[in-house]
Amino acid sequence: MAQFQGGRPIFGEPDIEFYVRSTPKLSEELVRRSEQASELEAKKKHTADERAQLDRFRTFEERASATEAGQLFVEVRGVDVFDPSTGEVRSDSADGIACWMIDDDYNEESFFVRHAYFLGQNDPYKAMKTTLKAEIDEEAWSTLNSDTSRPFDRPKSGRIAVKVINHLGYEVMKVFRVE
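(A) Structural view of the sheet that holds strand S7 (residues 159-166). Spatial strand order, S5-S4-S7-S8: 4 strands in an open sheet with antiparallel pairing. Looking at the sheet topology across the chains shown, the edges are occupied by strand S5 (115-118) and strand S8 (171-177). Within the sheet, the average angular offset between the axes of one strand and its neighbour, ignoring direction, is 15°. Strand direction decides the pairing type here: strand S4 (residues 97-103) and S5, joined by 4 bridges, are antiparallel. The residue of S5 that forms the bridge with Cys99 is Phe118.

(B) Structural detail: helix H1 (residues 24-42). End to end, H1 covers 27 Å across 19 residues, agreeing with the expected 27 Å (1.5 Å per residue, within 8%). Considered for burial, the residues of H1 that qualify are Leu26, Glu29, Arg33, Ala37 and Leu40. Projected down its long axis, H1 shows its buried positions confined to an angular sector of 65°, all on one face. Along H1, the residues that are exposed and aim more than 90 degrees away from the buried face are Pro24, Glu28, Glu39 and Ala42.

(C) Geometry of the confidence of the model for the protein chain. In this model, the protein chain carries an average pLDDT of 79, and 89% of its residues clear a pLDDT of 70 or more. Under a pLDDT of 50 for its full length, residues 1-5 has, in the predicted model, 7 contacts with residues more than four places off or in other chains.

(D) Structural detail: the packing of aromatic side chains. Scanning all chains against the criterion turns up 1 aromatic pair. Between Trp100 and Tyr117 the ring centres are 4.6 Å apart and the planes differ by 25°, which places this aromatic pair in the stacked class. Of this pair, Trp100 sits in strand S4 while Tyr117 is found in strand S5, placing the two residues 17 residues apart along the sequence. Considered together, Trp100 and Tyr117 belong to a single accessibility category, that of buried residues. Across from the ring centre of Phe111, 4.8 Å away, lies the NZ or CZ of Lys163, which sits over that ring.

(E) Spotlight on the nonpolar core. In this structure, Phe18, Val74, Trp100, Ile160, Val162 and Val164 are the most contacted members of the largest nonpolar core, which totals 21 residues. Elements with a minimum of two residues in this core: strand S1 (11-20), strand S2 (71-83), S4, S7 and S8. The biggest single contributor to this core is S2, with 5 residues. Of all hydrophobic cores here, the second largest spans 6 residues; its members include Met101, Phe111, Ala161 and Ile165.

Calculation notes
Residues numbered from 1 in each chain as written. Predicted model: local features only at pLDDT ≥ 70, side-chain atom pairs only at ≥ 80, totals over all residues. Heavy atoms only, no water. Pairing = 2+ DSSP bridges. Helix = DSSP H or I, 4+ residues; strand = E, 2+ residues; numbered from the N terminus. Axes fitted to C-alpha atoms, helices over the stretch in contact; angles between N-to-C directions. Expected span 1.5 Å × (residues − 1). Buried < 20%, exposed > 50% of the residue type's maximum accessible area, 1.4 Å probe, protein only. Arc of directions from axis to C-beta. pLDDT = per-residue confidence, 0-100. Contact = heavy atoms within 4.5 Å. Phe/Tyr/Trp six-rings, centres within 6.5 Å; stacked < 30°, edge-to-face > 60°. Lys NZ or Arg CZ within 6 Å of the ring centre and 35° of its normal. Core = buried A, V, L, I, M, F, W, Y, C linked by side-chain atoms within 4.5 Å.

Structure representation (structure tokens):
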């Protein structure tokens, strides 16, 4: 259900999936993405969107293969934004997300940021270097500049929470039960 903040649009629902190692859901998703990646790679020239999609496929495969038994990882695909001036819900892809965070053992009282990822519209790596006035390990940064989380253990609480913030500062949180 959409809500209002000072008459401005706010988030509706984030599009998020989580995958657990050695499950049919993950296996099927890996096969589907592998087929899509093969189709894209068969083309001689790629658009910027296609190159970005191939990078996302590779990241997903890397995270899936790094996931150990009993671990899981999260992928954020986008978020819906309600615009009260038009009364419509607009779906944004992951490109519409500035930052997203995971509490990998959510207790239903407080959200503790245990994982943080920065997608950014422009060049978030350059902006971070400028803000911190320091060099940032580019390899380490690449693990944070992703729509797919690093693997983590199953939560003791049985729940994870994912918070998504767009470029306008609107945020939404979604809680998942992990069996």
